[in-house]
Each structure stands twice: as structure tokens, then as C-alpha cells.
Amino acid sequence: MPKMKSHTGMGKRVKVTGKGKIVAQQAGLRHHMELKPSSRTRRLTGTVELAKADVKRIKKLLGR
């Protein structure tokens, strides 16, 4: 049986912390910036822990 390859695109988008949590950049900060208030863009900066519903699928893609 061949080895399972990890999904390279997902590997570039998410990071696994030391405790095994999945963190990623928050969505909504790429387009139409002039329409969004500064308070909203500041809130969207930085990484956040992903939803529990997505973790199982993402870990499978990463081969974990």
C-alpha cells in the first residue's frame, strides 16, 4: 500500500500548535477593504483556532 500524502495546499493554510490545535488566518481580509470599517479589519487580523466541526477533516488532509 502506498504512503498517504498530505494535502500541500492545506499545509500552507493552517498550522498545528504544540498541543495539536489547528490555527489559521481569519477569513474576510482580502477584498473590498474600503467598504469595511477599520474596527472590523483590526478584529480580523491574526490567527484563530478553527471550529471543532472542521478539525477532523483538516487533520485527515494533513495526514495526522
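As the structure is a computational prediction, the values presented were derived from the model and not from experiment.

A. Focus on the side chain of Lys 36. Of note, Lys 36 is situated in the loop between strand 2 (22-25) and helix 2 (38-43). The buried charged residue Lys 36 lacks any salt bridge, with Glu 34 as its nearest oppositely charged partner at 8.8 Å. A polar contact is formed between the side chain of Lys 36 and the backbone oxygen of Gly 28, at a distance of 2.6 Å. Non-local contacts of Lys 36, meaning those with residues more than four positions away in its chain, are made with Gly 28, Leu 29, His 31 and Thr 41.

B. Quick look at the nonpolar core. Of all hydrophobic cores here, the largest spans 6 residues; its members are Met 10, Val 14, Ile 22, Ala 24, Ile 58 and Leu 62. When contributions to this core are tallied by element, the ones reaching two or more residues are strand 2 and helix 3 (52-62).

C. Representation of the confidence of the model for the protein chain in the model. For the protein chain, per-residue confidence averages 95 on the pLDDT scale, and residues scoring 70 or more make up 100% of the total. Across the protein chain, element-level confidence peaks in strand 2 with a mean pLDDT of 97 and bottoms out in helix 3 with 94.

Reading the values: the criteria
Residues numbered from 1 in each chain as written. Predicted model: local features only at pLDDT ≥ 70, side-chain atom pairs only at ≥ 80, totals over all residues. Heavy atoms only, no water. Helix = DSSP H or I, 4+ residues; strand = E, 2+ residues; numbered from the N terminus. Buried < 20%, exposed > 50% of the residue type's maximum accessible area, 1.4 Å probe, protein only. Lys, Arg positive; Asp, Glu negative; His and termini not counted. Salt bridge = Lys/Arg side-chain N within 4 Å of Asp/Glu carboxyl O. Polar contact = N/O pair within 3.5 Å; in protein donor to acceptor, adjacent residues only side chain to side chain. Contact = heavy atoms within 4.5 Å. Core = buried A, V, L, I, M, F, W, Y, C linked by side-chain atoms within 4.5 Å. pLDDT = per-residue confidence, 0-100.

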